[in-house]
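Each chain, letter by letter, is given below.
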Amino acid sequence: MNAMPSIAPPALAISPRLRRTPFSARVEAAGVRGYTIYNRMLLPTVFRTTEDDYWHLREHVQLWDVSAERQVEIVGPDASRLAQLLTPRNLSKIAIGQCAYAPITDGGGGMLNDPVLLRLGPERFWLSLADSDLLLWAKGLAFGMGLSVDVFEADVHPLAVQGPKAETLMARVFGEAVHAIRFFRFARLSFQGHSMVIARSGWSKQGGFEIYLDRPELGHALWDALWEAGRDLSVGPGCPNLIERIEGGLLSYGNDMTREHTPLECGLERFCSLDSDIQFIGRDALRRQRTRGVPRLVCGVAFGGEPCPPLTERWTVEAEGKRIGSVSSAAYSPAIDCNIGIAMLATDATTPGTSVSVVTPLGQVEGEVRDLPFAVPPL
């Protein structure tokens, strides 16, 4: 019998429809090996291997081109009203200069996005988006309600500096004022005479900052300055890392949660002001679900077998021979030394230690429910 011919992995056809970023040339020169499409932009996914990138992120410092985290700007006399309608999070407590994780819900309580909101002024906000067309939803609401507000995609391109050495690197380029920025707060600091928003935030648990570049022509100079200043810190290119974000329990919109899920099912009730009198879309639906009881919850799973392959579709999870949910993100964790995943399971099956079976492309393997985030041994 003839062996099956080897098949090259599918190529990503890049055209003007897929937007490049102010850092794309530097990302390519650094040896990017894979992209995904995120908000119609290129988002790097791997440079060396996923595991090599993981260890480097935990030990050193990386530059991430996350320009695909687009900024929906809301500004004008009714900006606060529109921003509050979008999210169950009580925004009256968010001060200027503060960031806030803000789930966005539709009329049925379904998740539309889970941006980080930045309050730039009394009536000016940025929503730093996950991958969905939230701009159209916000513009439609503003138009339909006749609100006095401008809603548009700002020409802003975040560059994340992540890892345990991130603060040292940032201080070398932006000065000692970096040290005063508290977690999920931002300040305006100068680069080449231009003031930019810099937040202590980022999509990893290793610590770091996000630089909101609003002058694209400075992209190469900014990357180069950070690169040169970080040579002795083993600075390297990076991107959101699958292993690290699963370990940290960081949910990915479109993967671990979609419009079919509510914030309550996603473990986000602490960001939902359901007992206040604030008005937001989906409030009644979320109150009803809380009263009835949440039928499913996000949780972690750890399971055996060979290191699992990349997950391209959800894997079924069973308990006592019955389907109880699915795994939406999975990877082999070299630190925990087993496969780990993020799953949405029936609520009565989410107690840590519950035995489950995961149906993977390599076969059915045994595992157990774990808390999120996972307990990761220190370096």
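Up top you'll find the structure we're talking about.
Residues numbered from 1 in each chain as written. Predicted model: local features only at pLDDT ≥ 70, side-chain atom pairs only at ≥ 80, totals over all residues. Heavy atoms only, no water.

### What about the sheet that holds strand E11 (residues 157-162)?
Part 1: Sheet architecture is open: 6 strands sit in the order E12-E13-E14-E11-E3-E15, paired in mixed fashion. Two strands bound the open sheet, and with one partner strand each, they are strand E12 (186-191) and strand E15 (235-238). Across the sheet, the mean angle from the axis of one strand to that of its neighbour is 30 degrees, orientation sign disregarded.
Part 2: The sheet contact formed by E11 and strand E14 (residues 208-213) spans 6 bridges and is antiparallel. Within E14, the position partnered with Gln-162 by the bridge is Gly-208.
Part 3: Set on the sheet, helix H2 (residues 50-59) makes contact with strand E3 (61-65), E11 and E15; between it and E3 the angle comes to about 120 degrees.
Part 4: This element, helix H5 (residues 166-174), spans E3, E11, E12, strand E13 (194-199), E14 and E15 of the sheet and lies at about 40 degrees to E14. (Pairing = 2+ DSSP bridges. Helix = DSSP H or I, 4+ residues; strand = E, 2+ residues; numbered from the N terminus. Axes fitted to C-alpha atoms, helices over the stretch in contact; angles between N-to-C directions. Contact = heavy atoms within 4.5 Å.)

### Concerning the packing of H5 against helix H6 (residues 219-229)
Part 1: Running from amino to carboxyl end, H5 crosses H6 at an angle of 120 degrees, the nearest separation of the two axes being 9 Å. As summarised for this structure, H5 and H6 are arranged oblique, according to the angle between their axes. In this structure, H5 crosses over H6, and the sense of that crossing is right-handed. In contact with Leu-169, Met-170, Arg-172, Val-173 and Phe-174 of H5, H6 contributes Leu-222, Ala-225, Leu-226 and Ala-229.
Part 2: When grouped by side-chain class, the residues that make up the contact of H5 with H6 number 8 nonpolar, no polar and 1 charged. (Parallel < 35°, antiparallel > 145°, perpendicular 65-115°, else oblique. Left-handed = near helix turned anticlockwise from the far one by under 90°. Nonpolar A, V, L, I, M, F, W, Y, C, P; charged D, E, K, R; others polar.)

### Things to note about the side chain of Gln-162
Part 1: The residue Gln-162 is located in strand E11 in this model.
Part 2: Taking relative accessible area as the criterion, Gln-162 reaches 0% and is therefore assigned buried.
Part 3: Within the structure, Gln-162 has its side chain in polar contact with the side chain of Ser-204 (distance 2.8 Å).
Part 4: One polar contact links the side chain of Gln-162 to the main-chain carbonyl oxygen of Phe-209, over a distance of 3.3 Å.
Part 5: Residues contacting Gln-162, with those up to four places away along its chain left out, are Leu-57, His-60, Val-61, Gln-62, Trp-64, Ser-201, Gly-202, Trp-203, Ser-204, Gly-207, Gly-208 and Phe-209. (Buried < 20%, exposed > 50% of the residue type's maximum accessible area, 1.4 Å probe, protein only. Polar contact = N/O pair within 3.5 Å; in protein donor to acceptor, adjacent residues only side chain to side chain.)

### What to know about the pairing of E13
Part 1: For E13, the buried fraction is high: 5 of the 6 residues fall into the buried class.
Part 2: As judged from the 6 bridges shared by E12 and E13, these two strands associate in the antiparallel manner. Considered in E13, the bridge of Phe-186 is made with Ala-199.
Part 3: Bridging between E13 and E14 involves 3 bridges; their strand directions are antiparallel. Counted as the bridge partner of Ala-199 is Glu-210 from E14.

### Considerations on the sheet that holds strand E19 (residues 338-346)
Part 1: One closed barrel accounts for 6 strands, arranged E16-E19-E18-E17-E20-E21; its pairing is antiparallel. Sheet twist, expressed as the mean angle between neighbouring strand axes with direction ignored, is 40 degrees.
Part 2: With 8 bridges joining them, strand E16 (residues 296-303) and E19 adopt antiparallel strand pairing. When the bridges of E19 are listed, Arg-296 appears paired with Ala-346.

### So, helix H4 (residues 134-144)
Part 1: Every buried residue belonging to H4 is among Leu-134, Ala-138, Leu-141 and Ala-142, and all of these are buried. Buried residues in H4, looked at end-on, bunch into an arc of 100 degrees, giving them a common side. Among the exposed residues of H4, those oriented more than 90 degrees off its buried face are Leu-136, Phe-143 and Gly-144. (Arc of directions from axis to C-beta.)

### Description of the pattern of salt bridges
Part 1: On inspection of all chains with the given rule, the structure shows 15 salt bridges.
Part 2: One salt bridge in this structure joins Glu-228 and Arg-231, with 2.9 Å as the shortest N-O distance.
Part 3: Look at Glu-228 and you get partly exposed, because its relative accessible area is 49%.
Part 4: A relative accessible area of 53% means that Arg-231 is categorised as exposed.
Part 5: Note that Asp-275 and Arg-290 form a salt bridge whose closest N and O atoms lie 2.7 Å from each other. Remark: Arg-290 occurs in helix H8 (residues 283-292) and Asp-275 occurs in the loop between helix H7 (242-247) and H8; sequence separation between them is 15 residues.
Part 6: On the basis of relative accessible area, Arg-290 is assigned to the partly exposed category, the value being 33%.
Part 7: Connected through shared salt-bridge partners, Arg-19, Arg-70 and Glu-153 make up one network. (Salt bridge = Lys/Arg side-chain N within 4 Å of Asp/Glu carboxyl O.)

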